[in-house]
Amino acid sequence: MRSVIAAAMVLAMAGTAQAETVFVRAGHLVDPERGTVEGARVLRVEDGRVAAIMPDGALPAGAKVIDWSRYTVLPGLIDMHVHLADTGETNNPAEPLLHSAMEVAYMGAANARTTLFAGFTSVHDVGCYRAFGDVELRNAINRGDVIGPRMAAVGAYITAPGGGGEVTGLAADVHVPDDMRAGVVNSPDEVTQKVNYLFQHGADSIKLIATGAVFAIGTVAGQQELTEDEMRAAVAVAQARGSWVTAHAHGAAGIKAAIRAGVRGIEHASLIDDEGIALAKARGVFLDMDVYNGDWTDEVGRRDHYPEDYMRKNTETTLAQRQAFQKAVRAGVKLSFGTDAGVYPHGLNARQFKYMVQWGMTPMQAIQAATTTSAAMLGWSRDVGALSPGHYADMIAVDGDPTQDVTVLEHVVHVIKGGELVK
Ligand SMILES: [Zn+2]
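Residues numbered from 1 in each chain as written. Predicted model: local features only at pLDDT ≥ 70, side-chain atom pairs only at ≥ 80, totals over all residues. Heavy atoms only, no water.

## Focus: the overall build of the chain
- Within the chain one finds 11 helices and 16 strands.
- The C-alpha radius of gyration of the chain comes to 21 Å, within 12% of the 22 Å expected for a compact globule of 423 residues.
- Going through the 423 residues of the chain one by one, you find that 55% of them count as buried.
- Accessible area for the chain stands at about 16,900 Å²; split by element, carbon and sulfur atoms hold 52% of it. (Helix = DSSP H or I, 4+ residues; strand = E, 2+ residues; numbered from the N terminus. Rg over C-alpha atoms; globule rule 2.2 N^0.38 Å. Buried < 20%, exposed > 50% of the residue type's maximum accessible area, 1.4 Å probe, protein only. Areas by Shrake-Rupley, 256 points an atom, 1.4 Å probe, with all protein chains shown as cover.)

Structure (structure tokens):
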């Protein structure tokens with residue numbers, strides 16, 4: 001009985017918070033839509049969304065105020081490539097088999113909180129080994145049971161048998177649990193069937209594993225694994241359902257096949273060639289390039305004795321990817337902000353900003369990648385990625401000016417999600 005009353009009170013309080021008007025005082029306000037940093041502003045938040053932005057001044061008596069006047073305020077950041085509902089990389093290719101689905105669910109809850117507190121109020125979760133762990137985590141966050149960012153989830157990897165989306169490196173007679181193979185496909189027909197299955201069970205979007213992967217023993221990063229017809233089948237189902245597809249692809253051929261098949265985004269794009277960059281530009285395809293984590297893997301992988309196969313592929317893709325990123329910046333390709341968090345510990349997502357600036361972006365361009373551009377890739381531009389009226393009141397406070405020193409984003413002081421102060 002007591003728990004029923006407590007639950008009712010929580011609901012009532014949540015209802016009150018929703019209907020509340022809150023004023024947020026910002027010392028400076030970064031506007032990624034205009035590419036400017038404004039002076040002192042007040043944001044009026046109603047029902048969890050920004051209602052108005054005004055010059056700082058007198059506020060109504062008794063108004064609820066969150067005073068961030070000593071901070072620079074930005075829209076909540078977006079990471080387009082995370083794996084919240086998974087164990088993370090270790091030196092053991094069989095790591096996913098060492099943890100129950102229940103344990104991984106609790107890990108996911110912790111990862112979600114860590115990510116939100118790092119200033120990332122929206123994420124695209126691009127897959128987990130246990131099918132639908134990401135979908136369940138998203139649902140738990142949306143119910144208010146778990147503290148975390150807004151999530152778009154893919155349900156499972158669509159991958160070739162033994163491909164980059166499988167748990168590999170095991171003995172040939174080891175049986176991998178069925179829920180780790182929900183997206184394994186052998187033909188375009190199977191793609192159609194499995195992509196429909198993922199959507200029926202709550203996927204927001206689809207993740208294809210178009211080529212081999214760094215962290216999948218025996219797969220070749222540069223080698224195409226799904227056929228163009230298979231990828232086309234996935235895009236057809238997604239489009240029919242008003243959704244979209246992104247493709248993990250390191251190798252140039254796999255990248256171009258995925259773009260021709262109609263995907264919205266390419267994850268990694270490490271070995272993309274000039275033709276691929278031109279194709280991405282011409283088709284308006286987003287490149288989501290995780291230019292930070294190669295350094296993490298190089299350092300920690302040596303220390304922790306990662307398999308030679310991982311380390312070699314990490315070396316083959318890290319510098320090449322950064323050089324390709326620089327070319328893509330110069331070519332004016334749409335570049336989102338995706339880090340592959342999970343390969344390194346969640347919460348360090350903002351370390352990538354420095355690398356994006358080192359490899360050709362201005363700090364404002366890197367901020368735009370993690371706000372307006374990533375929101376556009378998600379199809380959520382009206383809701384997140386900016387703070388102009390109508391958007392969710394998702395915002396962060398940092399010390400200093402991130403357009404002068406982008407690394408201040410590594411130390412987010414406060415976070416508001418949907419008008420509620422969560423950190
Ligand atoms: Zn990934």
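## Things to note about the coordination of the zinc ion
- Every protein donor of the zinc ion is listed here as His-81 (NE2), His-83 (NE2) and Asp-340 (OD), and their distances to the metal cover 2.1 to 2.3 Å.
- Donor residues for the zinc ion sit on one chain with the sequence pattern H-x1-H-x256-D. You can see His-83 sitting in the loop between strand E6 (77–82) and helix H2 (101–117) and its partner Asp-340 sitting in the loop between helix H9 (308–331) and helix H10 (352–358), a full 257 residues away along the chain.
- Look at His-83 and you get buried, because its relative accessible area is 12%. (Donors = N, O, S within 2.8 Å, 3.2 Å for Na, K, Ca; no water.)

## Some details on the packing of aromatic side chains
- Throughout the structure, instances matching the rule amount to 8 aromatic pairs.
- Considering the side-chain rings of Phe-215 and Tyr-310, the 5.1 Å spacing of their centres and the 75° angle between planes classify their relative orientation as edge-to-face. Within this pair, whereas Phe-215 is found in the loop between strand E10 (206–209) and helix H5 (228–240), its partner Tyr-310 is found in helix H9, the two being separated by 95 residues in sequence. Per residue, the accessibility class of Phe-215 equals that of Tyr-310, and both read buried.
- Pairwise contacts between aromatic rings join Phe-120, Phe-337 and Phe-353 into one cluster.
- If you follow Arg-49 out to its NZ or CZ, it ends over the ring of Tyr-392, 4.0 Å from the centre. (Phe/Tyr/Trp six-rings, centres within 6.5 Å; stacked < 30°, edge-to-face > 60°. Lys NZ or Arg CZ within 6 Å of the ring centre and 35° of its normal.)

## What to know about the environment of Arg-181
- Here Arg-181 is to be found in the loop between strand E9 (157–158) and helix H4 (188–200).
- What makes Arg-181 partly exposed here is its relative accessible area of 34%.
- Distance from Arg-181 to Gly-39, taken between C-alpha atoms, is 52 Å for residues 142 residues apart in sequence.
- Sequence-distant contacts of Arg-181, that is, excluding residues within four places in its chain, are made with Pro-161, Glu-166, Val-176 and Lys-194. (Contact = heavy atoms within 4.5 Å.)

## A closer look at the sheet that holds strand E8 (residues 150–153)
- In space, the 3 strands of this open sheet follow the order E6-E7-E8, with parallel pairing throughout. Strands with a single pairing partner mark the edges of an open sheet, and in this sheet they are E6 and E8. The mean inter-strand angle of the sheet, taken between neighbouring strand axes irrespective of direction, is 15°.
- Sheet topology places strand E7 (residues 120–125) next to E8; 4 bridges connect them, and they run parallel. Across the sheet, residue His-124 finds its bridge partner in E8, namely Ala-152.
- Most of the contacts of helix H3 (residues 133–143) go to E8, to which it runs at about 155°, and overall it touches E7 and E8. (Pairing = 2+ DSSP bridges. Axes fitted to C-alpha atoms, helices over the stretch in contact; angles between N-to-C directions.)

## So, the confidence of the model for the chain
- Here the chain averages 95 in pLDDT, while 96% of its residues score no lower than 70.
- In this model residues 1–18 is a low-confidence stretch, pLDDT under 50, and it forms 3 contacts with partners more than four residues away in sequence or in other chains. (pLDDT = per-residue confidence, 0-100.)

## With respect to the nonpolar core
- Of all hydrophobic cores here, the largest spans 95 residues; its most connected members are Leu-208, Ile-266, Leu-287, Phe-325, Phe-353 and Leu-409.
- Both domains that furnish three or more residues to this core are identified here as domain 1 (2–76 + 385–421) and domain 2 (77–378).
- Excluding residues that lie within four positions of it along the chain, Phe-353 makes contacts with Leu-77, Phe-120, Phe-337, Ala-366, Ile-367, Ala-370, Val-406 and Leu-409.
- Core analysis: the next-biggest nonpolar cluster, separate from the first, contains 16 residues, Val-50, Ile-66, Met-395 and Ile-416 among them. (Core = buried A, V, L, I, M, F, W, Y, C linked by side-chain atoms within 4.5 Å. Domains from an automatic or database assignment.)

## So, the sheet that holds E10
- The 5 strands are arranged E9-E10-E11-E12-E13 in an open sheet whose pairing can be described as parallel. The open sheet has two edge strands, E9 and strand E13 (286–288), and neither has a second partner.
- The sheet contact formed by strand E12 (residues 265–268) and E13 spans 3 bridges and is parallel. Paired with Glu-267 across the bridge in E13 is Asp-288.

## Structural notes on the domain arrangement of the chain
- Each assigned domain of the chain is listed with its residue range as follows: domain 1 (2–76 + 385–421) and domain 2 (77–378).
- Of note, the centres of domain 1 and domain 2, computed from C-alpha atoms alone, are 30 Å apart.
- Of the residues lining the interface, 24 residues belong to domain 1; the matching set on domain 2 comes to 25 residues.
- Around 1,800 Å² of area is buried between domain 1 and domain 2 when both sides are counted, 71% of it from carbon and sulfur atoms.
- The interface formed by domain 1 and domain 2 includes 1 salt bridge. (Buried area = accessible area lost by both parts, 1.4 Å probe. Salt bridge = Lys/Arg side-chain N within 4 Å of Asp/Glu carboxyl O.)

## Overview of H5
- With 13 residues, H5 extends 18 Å from end C-alpha to end C-alpha; this agrees with the ideal 18 Å at 1.5 Å per step.
- Buried residues of H5: Glu-230, Met-231, Ala-233, Ala-234, Val-235, Val-237 and Ala-238, and no others.
- Contacts from the buried residues of H5 go to H4, E10, strand E11 (245–249) and helix H6 (252–261).
- Positioned one or two residues after H5, Gly-242 has a phi angle of 70°, which is positive. (Expected span 1.5 Å × (residues − 1).)

## A few points about helix H7 (residues 274–283)
- Among the residues of H7, Gly-276, Ile-277, Leu-279 and Ala-280 are the ones counted as buried. Buried residues of H7, seen end-on, are gathered within an arc of 160° and therefore sit on one face of the element. Across H7 from its buried face, at more than 90 degrees, point the exposed residues Asp-274, Glu-275 and Ala-282.
- If you follow the buried residues of H7, they end up packed against H6, E13 and H9.
- Just downstream of H7 lies Gly-284, where phi reads positive at about 70°. (Arc of directions from axis to C-beta.)

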